[in-house]
Amino acid sequence: MKRLLLALVAAVAVSAPALADEALAKAKKCSTCHAMDKTKVGPSYKAIAAKYTGNKDAAAKLEGVIVKGGKGSFGDTPMPPSAGVNAAEAKQLAAWILSVK
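What you are looking at is a predicted structure, and each value in this text was computed from that prediction instead of being measured.

Criteria and thresholds
- Chains are numbered independently. Their residues run from 1 in the order of the written sequence.
- Given that this is a predicted model, residues contribute local features only at a pLDDT of at least 70 and side-chain atom pairs are listed and counted only at 80 or more, while totals for whole chains, interfaces and linings are drawn from all residues.
- Side-chain metrics rest on all non-hydrogen atoms present in the structure, leaving aside hydrogens and water.
- Residue-level confidence of the predictor, termed pLDDT, takes values from 0 up to 100.
- A run of H or I in DSSP becomes a helix once it reaches four residues, and a run of E becomes a strand once it reaches two; helices and strands are each numbered from the N terminus.
- Note on contacts: a residue pair is in contact if any heavy atoms of the two residues lie within 4.5 Å.
- Here, a salt bridge means any Lys or Arg side-chain nitrogen found within 4 Å of an Asp or Glu carboxyl oxygen.
- The rule is simple: take the accessible area with a 1.4 Å probe, protein chains only, and divide by the maximum for that residue type; under 20% is buried, over 50% is exposed, in between is partly exposed.
- For a helix, the expected span equals 1.5 Å multiplied by the residue count minus one.
- Regarding the arc, it is the one traced by the directions from the helix axis to the C-beta atoms.
- Under the rule applied, a polar contact is a pair of N or O atoms within 3.5 Å (in protein, one hydrogen donor and one hydrogen acceptor; residues adjacent in sequence only if both atoms are side-chain atoms).
- Side-chain atoms within 4.5 Å are what join buried Ala, Val, Leu, Ile, Met, Phe, Trp, Tyr and Cys residues into a set we call a nonpolar core.

**A look at the confidence of the model for the protein chain**
Detail in the predicted coordinates should be disregarded across regions flagged by low pLDDT. The pLDDT averaged across the protein chain works out to 85; a share of 80% of its residues lies at or above 70. The spread of mean pLDDT over the elements of the protein chain runs between helix α1 (residues 2–27), the lowest at 59, and helix α2 (residues 45–51), the highest at 97. Low confidence marks residues 4–18, where pLDDT is under 50. Its contacts with residues over four positions away, or in another chain, come to one contact.

As structure tokens, then:
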């Protein structure tokens, strides 16, 4: 019983930051255009993470796109600037997106 409880606590501790950042993405309306594993208006979070795997500048690039908007990385549909997302939130969102598997 004790082992099960410890395993459960460990699993929650590991997944809590990911859930918190997913909640931030939902709160900032990112899910209007993005989904975890399917293309909506924009690419899925998994597709974004896969595209930038191994790119040391990925976090900074994503932070910029989140705040300022962008076009061309995933086709011709532009991503508008994210209203109400500050630099700290953009950094948190970018790190979470890049961690999605």
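Next comes the rest of the write-up.
**Remarks on the pattern of salt bridges**
In this structure the tally under the stated criterion is two salt bridges. Lys-26 is the salt-bridge partner of Glu-22, the closest N and O atoms lying 3.8 Å from each other. You can see Glu-22 and its partner Lys-26 sitting in helix α1, four residues apart, about one turn around the helix. Its salt-bridge partner being Glu-89, residue Lys-28 comes within 3.4 Å of it at the nearest N-O pair. Taken as a pair, Lys-28 in the loop between α1 and α2 and Glu-89 in helix α4 (residues 87–99) lie far apart in primary sequence, 61 residues in all. Here Glu-89 falls in the buried class, since its relative accessible area comes to 17%.

**Observations regarding α4**
An ideal rise of 1.5 Å per residue puts 18 Å on 13 residues; α4 measures up with 18 Å between its terminal C-alpha atoms. All buried positions along α4 are accounted for by Glu-89, Ala-90, Leu-93, Ala-94, Trp-96 and Ile-97. All buried residues of α4 project into a common sector of 165° when viewed along the axis, lining one side. In α4, the exposed positions that point more than 90 degrees away from the buried face belong to Ala-87, Ala-88 and Lys-91. For α4, the side-chain oxygen to backbone nitrogen distance between the N-cap and Ala-88 is 3.1 Å, and the N-cap itself is Asn-86.

**With respect to the nonpolar core**
Counting residues in hydrophobic clusters, the biggest one holds 17 residues, and the most contacted among them are Ala-25, Tyr-45, Leu-62, Ile-66, Leu-93, Trp-96 and Ile-97. A per-element tally of this core places α4 first, with five residues. In contact with Ile-97, not counting residues within four places along its chain, are Tyr-45, Ile-48, Ala-49, Leu-62 and Ile-66.

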